[in-house]
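Examining the three-dimensional arrangement
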Amino acid sequence: MPLKHLAFLVLFYLCGGVFTTFGFLRHKELGPSYFRIHGLGLSGILFLSFLFLAPSHPESGFLGWFTLFLACTIGFSIFTGLSTRLSMVTYFLGIICFFGIIHLDISQLEVSANPLALIINSTLASLVLGFSMGAMLLGHWYLTQPKLSIEELKRLTLMMILFLVLKTFFCSYQIFDLVRGMSETQALKYFVKVPGVFVLMRFVWGLLGAFILSLLVWKTVKIRSTQSATGILYVVVIATLVGEILSVYLAFHFGIPL
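Residues numbered from 1 in each chain as written. Predicted model: local features only at pLDDT ≥ 70, side-chain atom pairs only at ≥ 80, totals over all residues. Heavy atoms only, no water.

**Examining the overall build of the protein**
Each helix and strand counted, the protein has ten helices and zero strands in total. Going from the N terminus to the C terminus, the protein shows its helices and strands as α-α-α-α-α-α-α-α-α-α. Taking 258 residues into account, the globule formula puts the C-alpha radius of gyration at 18 Å, and the protein, at 19 Å, falls close to it. In terms of overall dimensions, the protein has a C-alpha envelope of 60 × 45 × 25 Å along the principal axes. For the protein, buried positions account for 50% of its 258 residues. Excluding contacts between residues fewer than 6 apart, the proportion of contacts in the protein whose partners are at least 24 apart in sequence is 78%. Accessible area of the protein: about 12100 Å², with a carbon and sulfur share of 71%. For the protein, the centre of its 16 positive side-chain charges and the centre of its 9 negative side-chain charges are spaced 10 Å apart. (Helix = DSSP H or I, 4+ residues; strand = E, 2+ residues; numbered from the N terminus. Rg over C-alpha atoms; globule rule 2.2 N^0.38 Å. Buried < 20%, exposed > 50% of the residue type's maximum accessible area, 1.4 Å probe, protein only. Contact = heavy atoms within 4.5 Å. Areas by Shrake-Rupley, 256 points an atom, 1.4 Å probe, with all protein chains shown as cover. Lys, Arg positive; Asp, Glu negative; His and termini not counted. Charge placed at Lys NZ, Arg CZ, Asp CG, Glu CD.)

**A word on the pattern of salt bridges**
Applying the stated rule across the entire model yields seven salt bridges. In this structure, the salt-bridge partner of E152 is R26, at a minimum N-O distance of 2.5 Å. Of the two residues, E152 is situated in helix 7 (residues 151-179) and R26 in the loop between helix 1 (3-21) and helix 2 (27-30); the sequence distance between them amounts to 126 residues. Across the salt bridge formed by E151 and K154, the nearest N and O atoms sit 3.7 Å from each other. In this pair, E151 and K154 both sit in helix 7, three residues apart, roughly one turn of the helix. Taken together, the shared-partner salt bridges connect R26, E29, E152 and R155 into one network. (Salt bridge = Lys/Arg side-chain N within 4 Å of Asp/Glu carboxyl O.)

**A closer look at the packing of aromatic side chains**
The final tally for this structure, using the stated rule, is 30 aromatic pairs. For the ring pair F12 and F98, a centre distance of 5.0 Å and an interplane angle of 50° mean the geometry is tilted. Pair noted here: F12 is in helix 1 and F98 is in helix 5 (residues 84-107), with a separation of 86 residues, a long-range link. Assigned by exposure class, F12 and F98 land together as buried. (Phe/Tyr/Trp six-rings, centres within 6.5 Å; stacked < 30°, edge-to-face > 60°.)

**Some thoughts on the nonpolar core**
In terms of nonpolar packing, the biggest core is built from 79 residues, with F12, Y13, F22 and L138 touching the most fellow members. By residue number, the principal contributor to this core is helix 6 (residues 115-144), which donates 15 residues. With residues near it in sequence (within four places) discarded, L138 still touches L25, L30, Y34, L148, E152, L153 and L156. (Core = buried A, V, L, I, M, F, W, Y, C linked by side-chain atoms within 4.5 Å.)

**A few points about the packing of helix 3 (residues 32-53) against helix 6**
At a minimum axis separation of 12 Å, helix 3 and helix 6 run at an interaxial angle of 130°. In terms of axis orientation, helix 3 runs oblique to helix 6. The two elements helix 3 and helix 6 meet at a crossing, and its hand is right-handed. Between helix 3, through S33, Y34, I37 and H38, and helix 6, the contact on the second element is made entirely by G134, L137, L138 and W141. By residue class, the composition of the contact of helix 3 with helix 6 is five nonpolar, three polar and no charged. (Axes fitted to C-alpha atoms, helices over the stretch in contact; angles between N-to-C directions. Parallel < 35°, antiparallel > 145°, perpendicular 65-115°, else oblique. Left-handed = near helix turned anticlockwise from the far one by under 90°. Nonpolar A, V, L, I, M, F, W, Y, C, P; charged D, E, K, R; others polar.)

**A closer look at the side chain of S49**
Counting through the fold element by element, S49 comes out in helix 3. Polar contacts involving the side chain of S49 include one to the main-chain carbonyl oxygen of L46, which spans 2.8 Å. Those residues within four positions of S49 in sequence are excluded, and the remaining contacts are F8, L11 and A54. (Polar contact = N/O pair within 3.5 Å; in protein donor to acceptor, adjacent residues only side chain to side chain.)

The following block contains the structure:
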């Protein structure tokens, strides 16, 4: 798979994950401006990433599903605050399209890894990326609405921690399966060479590091220190982004779903 396609997948997972977070927030509490600004921003990133990074010859059905997902993100951004029914329809249809595209893209690829493991890996990657970025964007929103209930940021932070835990368990199993049958010497040699060194970096920095930082975020959120939480979330976003870039690279180049 070309690196350009991998870059497109990372951006697609990120945008789809952030779009997913919209369903976990109270619209009346935040107001339509939050969803409109960030929804249209996601739509712009999706369009540009497809224009410049998507494969020249996409898989059968991909273009139609992607166009529908893009239309849903735009529609949701417009209808939020105007029509509750239409915003709900575009949100749930967009979620179906997003995860449908993940399944479609992986099912039509010729890779050595188990397709089900790749689908689980990509789904968790989008949720980890989306909720970490979503929490960081929401942290900034408290600067414009200082009286906003802290429960909104608490909810996204807890979901972020949950998905990091799930991804850590999933990756731990995959690494255990990877080194099964190796002696200690063989395992040590594996983790100091490519792709083993990328596996180690992905797990230590992209998961354990992000998880420890997310616990610090939770502590600062509980005392309503939103500025401190947002600052830590910047580092969490960087950690998860680096981790998921390595994850996508390992999955689609080496057939190691981590």
